[in-house]
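Commentary on secondary and tertiary structure
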Amino acid sequence: MIKKIFISALSLFLLIPAATGQEKIKEVVTSDYNRNSISMVALLRGDSYDSQAASVVKSYKPSEKFDINDLKTKTVKAYKTRSESVYQTEVNEAVGKVGFAREILASIFNRDSNGMMDDKTVRYRGNYDAKDQDVINARAARVGTDALGDLGHALVSGSYIVVTDFSKIERDTDQRGNVHWSTNAKAFAYKIGLDSDSLNDFYEKCWIYDDDSDAVKQAKRVAFQNLDIPMIPVAEASSSSSASTLEEAMHSCISDLIFNLESRIPAWEVAVTIIGKRPLRAKIGTKEGLRNGDRYRAYSYTEDRNGNLRSVPRGFLRATEISSNSGMSIGETDPSKFYQISGLSNIDEGWTIKQSNDSRIGAIAGLKVGSMGTSIAVDLDYLANVSNVGTMSYAILSLGFDVADGNSNYLPIYFGIGFAYGLHLTRFIEIAPYALVALDHMGYSMADKSDDRFLRESALVLEPGVRAAINVAYPLQVIAKVCYDVNPEFIQGSLYKMYNQNLSHPHKSGLGAQFGLKWTF
Amino acid sequence: MIALTLLMTFSAVSANAQSKDRRKSFKSWDNYEITTEKVGVDGTKFVKVWGFGKTVDAATMAAKENAVHACIFRGLPGCATAMSTPPICPNPNTLETHEDYFQTFFAPGGPYLAYVSMTTDGVPSGTDRRKVKGGYKVGIYVQVMYDNLKRKLEADGVARKLSSGF
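As the structure is a prediction and not an experimental result, all values here were calculated from the model. (Residues numbered from 1 in each chain as written. Chains lettered and ligands numbered in written order. Predicted model: local features only at pLDDT ≥ 70, side-chain atom pairs only at ≥ 80, totals over all residues.)

**A short note on the overall build of chain A**
- When its secondary structure is counted, chain A shows 12 helices and 20 strands.
- With 521 residues in all, chain A has 36% of them scored as buried.
- In chain A, once contacts between residues fewer than 6 apart in sequence are set aside, the share between residues at least 24 apart is 68%. (Helix = DSSP H or I, 4+ residues; strand = E, 2+ residues; numbered from the N terminus. Buried ≥ 20, exposed ≤ 12 C-beta atoms within 10 Å, placed from the backbone. Contact = placed C-beta atoms within 7 Å.)

Written out as structure tokens, the structure reads:
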């Protein structure tokens, strides 16, 4: 018995590294990217929110990087109260009841009521998806550029449906009578289970030609109705949001869900190669839904001694100048520009870059010392814009808790909003002048219920300064800030002045410094 | 004076060694991959070919040489949409018989370049540009002016004309 256990354990010990090794070989990032098509489907629960959910999902316009398949079925139903979340198996069951794969094929091939189909959409999509290399290849071949439309047939297998569910919808009214809606949302993405063999099978058995006899036509119609192509679950994502209307909250959730799904479905992540340096350029743009500040990761390729291909991550970059390429390729697409933000090596021509979504939000945690006391500071910044030369604009939120003078009744809080403008000396070092407008608040008496109490307990503070960020291991950075806090007495609340005098180190105008770490999400 | 003599001797030995190396690699020149992409426009072959070199540029040049070499000595494989193409010089002794001719033909910047055009968009990129031990391995799309190449070799007496057997 012990021997068996020992042998099993040894086998497991030996197999795990082997399996991991195989996994690594599979994880080669390639620059193959083709457009995908999606259809949004709402999951209904049979309650009063169904109409809003269906309406919001139907009206959602995905990014330009997706083609849209207009399906007949836009909703599926789950028999579960909205107070509970749905599980993948329940959605699978609901999706399985509808022939989504048939509907996708009917939409793509413009199938009419007589079962007649055409390839206009497929050819259009093939031409639209064609890259410059495809156009050049077509010109070098005898078939010519007319054959570019044929590329569209390969895109059929890149068809997805996204089933969206809203749960735990709540309506709150605050003391002033303002209404807030909140909802949780989940999205389940399914891909059509169609390979080239089954697509050929579909053409052979279901495609009706004008000169087919009536009997053959009828047989092909029946064959289409009997098509058994599965929808394969590929990813799920969840989100939550709140807003003044339920529709707004739902809409915000859907945007988040699609954003999250992009990171979980590799085929949805745009990949392309770098075609030039100084500045870095790549042939993607509005057609791929590229926006200023979007993050990509660069890869180069090596072969190990067995000839296995490996992709090597080489750093991150952000889109700066976006080209408008929303048209058919003629082999001379204008490239978009990028700025490298990390990586030891300079990103080189020919390397692959792949979409690597982030929220562009950086969180800084650190310790601030100076004339405004000693506080634990938490800053959030949002990257709003990146230029070709690497200047970056940030919106900043800053929060500080004066721990040195705080006690259970009394915790001075510092809250500010502002703007920073980052200048990159190299990609590793950013120097960002910034300015904050902040409120330094000292709450003490809970008995005081007057409306202006908050203002009387606060002081307006201006904080100009300079922030330096150094890459340690991106997205981790070390941050150092030097600032001058302007806290003049004439804009201090009356209670603030009083409480401030009680502090062992009263808050006043003067120099401050902050040190901490930043993580970009 | 002694230093100058030593330098000249060293240069001569080095050049001779390089020439011998090239001759050696010239004869064992068969280790490359080539695939037919599609049927090329009239008189051309449209292929994807791989090359190896210390730099990407050197590997690209090697790939171009390989494409022309394949058309002359190896022939081109078929693909789903194109038939295979026999070599222009099917006789295995052609290279040895005309070694000096081909040394000149395939010399750096030599006449072979007139019969091959790279159709890769920009530089070799993505998985077609691989760092390997000792340099780079690149895959490029090229168009070989097959008919022109054949006519040239026939005119130079290296390849036999089809009519020569009658």
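**A short note on the overall build of chain B**
- Broken down by element type, chain B carries 5 helices and 5 strands.
- In chain B, the succession of α and β elements from N to C terminus is α-β-β-α-α-α-β-β-β-α.
- For chain B, the residues scored as buried account for 34% of the 166 residues in total.
- Within chain B, contacts between residues separated by at least 24 positions form 60% of all contacts whose residues are at least 6 apart in sequence.

**So, the environment of Asn226 of chain A**
Residue and element names in this part refer to chain A.
- Of note, Asn226 is situated in the loop between α9 (214-225) and β6 (231-243).
- With 11 C-beta atoms counted inside 10 Å, the residue Asn226 sits in the exposed group.
- Along the chain, Asn226 and Arg102 lie 124 residues apart, while their C-alpha atoms are 9.1 Å from each other.

**Some points on the packing of helix α2 (residues 50-59) of chain A against helix α10 (residues 246-264) of chain A**
All names here are of chain A.
- Interaxial distance between α2 and α10 falls to 10 Å at its minimum, and their mutual angle equals 50 degrees. If you check the angle between α2 and α10, you find them oblique. The interaxial crossing formed by α2 with α10 has right-handed handedness. Only Leu246, Glu247, Met250, His251 and Ile254 of α10 make contact with α2, whose side of the interface consists of Gln52, Ala53, Val56 and Val57. (Axes fitted to C-alpha atoms, helices over the stretch in contact; angles between N-to-C directions. Parallel < 35°, antiparallel > 145°, perpendicular 65-115°, else oblique. Left-handed = near helix turned anticlockwise from the far one by under 90°.)

**Considering the interface of chain B and chain A**
- Contacts between chain B and chain A engage 22 residues on the former and 20 residues on the latter.
- Secondary-structure elements contributing two or more residues to the side of chain B that touches chain A are β1 (34-38), β4 (129-132) and β5 (135-144) of chain B.
- Classifying every residue of the side of chain B that touches chain A gives 8 nonpolar, 7 polar and 7 charged.
- Both strand β9 (residues 295-303) of chain A and β4 of chain B contribute to a ladder of 2 bridges, which runs parallel. Across the sheet, Tyr301 of chain A pairs through a bridge with Arg130 of chain B, a residue of β4 of chain B. (Nonpolar A, V, L, I, M, F, W, Y, C, P; charged D, E, K, R; others polar. Pairing = 2+ DSSP bridges.)

**Section: the pairing of β5 of chain B**
Residue and element names in this part refer to chain B.
- Of all 10 residues making up β5, 9 are buried, and the element is well covered by its neighbours.
- Direction of pairing for strand β3 (residues 116-118) relative to β5: antiparallel, over a ladder of 3 bridges. Bridge pairing in β5 places Val116 opposite Val144.
- Inspection of the sheet shows β4 paired to β5 by 4 bridges, in the antiparallel sense. When the sheet's bridge partners are listed, Arg129 is paired in β5 with Val138.

**Overview of the nonpolar core**
- Of all hydrophobic cores here, the largest spans 52 residues; its most connected members are Ile161, Val162, Val163 and Ala187 of chain A.
- Leave out the neighbours within four places in its chain, and Val162 of chain A touches Ile38, Met40, Val41, Ala187, Ala189 and Leu261 of chain A.
- Membership of the second largest hydrophobic core comes to 41 residues, among which are Ala138 of chain A together with Cys89, Val123 and Ala159 of chain B. (Core = buried A, V, L, I, M, F, W, Y, C linked by C-beta atoms within 7 Å.)

**Comments concerning the confidence of the model for chain A**
- Summarising the model, chain A shows a mean pLDDT of 90, and 93% of its residues fall at 70 or more.
- Low pLDDT (under 50) marks residues 12-25 of chain A, which in the prediction has 1 contact with non-local residues, meaning those over four places away or in another chain. (pLDDT = per-residue confidence, 0-100.)

**Here we look at the environment of Gly422 of chain A**
Residues and elements named next belong to chain A.
- Note on placement: Gly422 falls in strand β16 (residues 413-426).
- C-alpha separation for the pair Gly422 and Glu288, spaced 134 residues apart in sequence, amounts to 27 Å.
- Beyond its immediate stretch of four places on either side in the chain, Gly422 contacts Thr391, Met392, Tyr394, Glu430 and Ala432.

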